[in-house]
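So the chains spell out like this:
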Amino acid sequence: MVDEKYNNACDRLFHVRAQIDEAKQKAGRENEKVSLVCVSKFFSTDQIRPVIDAGQRIFGENRVQEAAEKWPEMQREFKDIELHLIGPLQTNKSVQAVKLFDYIETLDRPKLARELAKAFDKTGKTPKLFIQVNTGAEHQKAGVLPTKADEFIQICRNEYQFEISGLMCIPPVDEEASLHFSLLTKIAERNGIKSLSMGMSGDFAKAIRFGATHVRIGTAIFGQR
Ligand SMILES: *Cc1c(COP(=O)(O)O)cnc(C)c1O
């Protein structure tokens, strides 16, 4: 997944962007926007800065604590940074997450919805929300089960007046990702949800074919963690 032709993160970033453009073209989606969420978990601010200097502004982190240590300074310096939480969120970190992130991609249970609603009130901030769907129904994985997704979307909309911007999934490693991308697309369509966060370093071209609007790419840009 790390292309050895390129020996730094910026060159790999440009290469990934070119691959995204190519995948869009092949999918007949060249006029649609596909956002590259550059996943910077485990990488230091020293390693991230060159990528910001190269023009990248959208980043993903999977831990609130790690993000809180790395990002506030860069957020002050670069006002147009867009930070996405892509890892599981504990309810007791809701306020911190709402203050720090522009997108929370991992809303997956009523209790978290309730805490986020409180955090919105408390902070006056409203990050965009994606619901994570556990498309493979894996025990160890976060996300609402596909069979419960419609109901959970309704709860978010009706009880908390949330606008649900998108859905997110992480397919099981040992299964054909297409099935999961297609399932996520169907759930989004029938619920009138526009954005789809799916596809990582190994399968983002395929995800774009299935309609991804956000691809989350770490390894192909920063290298192995
Ligand atoms: C780490 C991570 C990614 C990036 O994965 P790569 O294979 O390194 O591109 C994407 N999504 C989530 C939820 C992650 O935790």
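Residues numbered from 1 in each chain as written. Predicted model: local features only at pLDDT ≥ 70, side-chain atom pairs only at ≥ 80, totals over all residues. Heavy atoms only, no water.

1. A closer look at the overall build of the protein chain
So, point 1. Scanning the protein chain from terminus to terminus reveals nine helices and eight strands.
So, point 2. Against the compact-globule benchmark of 17 Å for 225 residues, the protein chain has a radius of gyration of 17 Å, which places it among compact chains.
So, point 3. Viewed in the frame of its principal axes, the protein chain has a C-alpha envelope of about 50 × 40 × 35 Å.
So, point 4. In the protein chain, of all internal contacts separated by at least 6 residues, the share reaching a separation of at least 24 is 58%.
So, point 5. When the accessible surface of the protein chain is totalled, it reaches about 10900 Å², and 48% of it is carbon and sulfur.
So, point 6. Positive and negative side-chain charges in the protein chain, numbering 33 and 31 respectively, have mean positions lying 3 Å apart. (Helix = DSSP H or I, 4+ residues; strand = E, 2+ residues; numbered from the N terminus. Rg over C-alpha atoms; globule rule 2.2 N^0.38 Å. Contact = heavy atoms within 4.5 Å. Areas by Shrake-Rupley, 256 points an atom, 1.4 Å probe, with all protein chains shown as cover. Lys, Arg positive; Asp, Glu negative; His and termini not counted. Charge placed at Lys NZ, Arg CZ, Asp CG, Glu CD.)

2. Topic: the packing of helix H5 (residues 110-123) against helix H6 (residues 149-160)
So, point 1. Their axes nearest at 10 Å, the elements H5 and H6 cross at an angle of 30°. Overall, the two elements H5 and H6 adopt an arrangement that is roughly parallel. Note on packing geometry: the crossing formed by H5 with H6 is right-handed. Where H5 approaches H6, its residues Pro110, Ala113, Arg114 and Ala117 are matched on the opposing element by Phe152, Cys156 and Tyr160.
So, point 2. Residue classes in the contact of H5 with H6 are distributed as six nonpolar, no polar and one charged. (Axes fitted to C-alpha atoms, helices over the stretch in contact; angles between N-to-C directions. Parallel < 35°, antiparallel > 145°, perpendicular 65-115°, else oblique. Left-handed = near helix turned anticlockwise from the far one by under 90°. Nonpolar A, V, L, I, M, F, W, Y, C, P; charged D, E, K, R; others polar.)

3. Focus on the site of the ligand
So, point 1. Every residue near the ligand is listed here: Val39, Lys41, Ile86, Met168, Ile170, Met200, Ser201, Arg216, Ile217, Gly218, Thr219 and Arg225.
So, point 2. Separating an oxygen atom of the ligand from a side-chain N or O atom of lysine 41 is a distance of 2.7 Å.
So, point 3. A distance of 2.5 Å separates an oxygen atom of the ligand from a polar side-chain atom of threonine 219.
So, point 4. Protein contact buries 91% of the 390 Å² of open area that the ligand shows by itself. (Near = heavy atom within 4 Å. Polar contact = N/O pair within 3.5 Å; in protein donor to acceptor, adjacent residues only side chain to side chain.)

4. Digging into the packing of helix H2 (residues 45-53) against helix H3 (residues 64-77)
So, point 1. Here H2 crosses H3 at 30°, and the two axes come no closer than 11 Å. When the axis of H2 is compared with that of H3, the two are roughly parallel. Classified by chirality, the crossing of H3 by H2 is right-handed. Taking contact as the criterion, the partners of Thr45, Ile48, Arg49 and Ile52 in H2 are, on H3, Lys70, Trp71, Glu73, Met74 and Glu77.

5. Brief notes about the side chain of asparagine 191
So, point 1. Along the chain, the position of asparagine 191 falls in the loop between helix H7 (177-190) and strand S7 (195-197).
So, point 2. A polar contact of 2.8 Å, which involves the side chain of asparagine 191, links it to the side chain of aspartate 150.
So, point 3. When residues no more than four places from it in sequence are discounted, the contact partners of asparagine 191 are Asp150, Ile153, Gln154 and Arg157.

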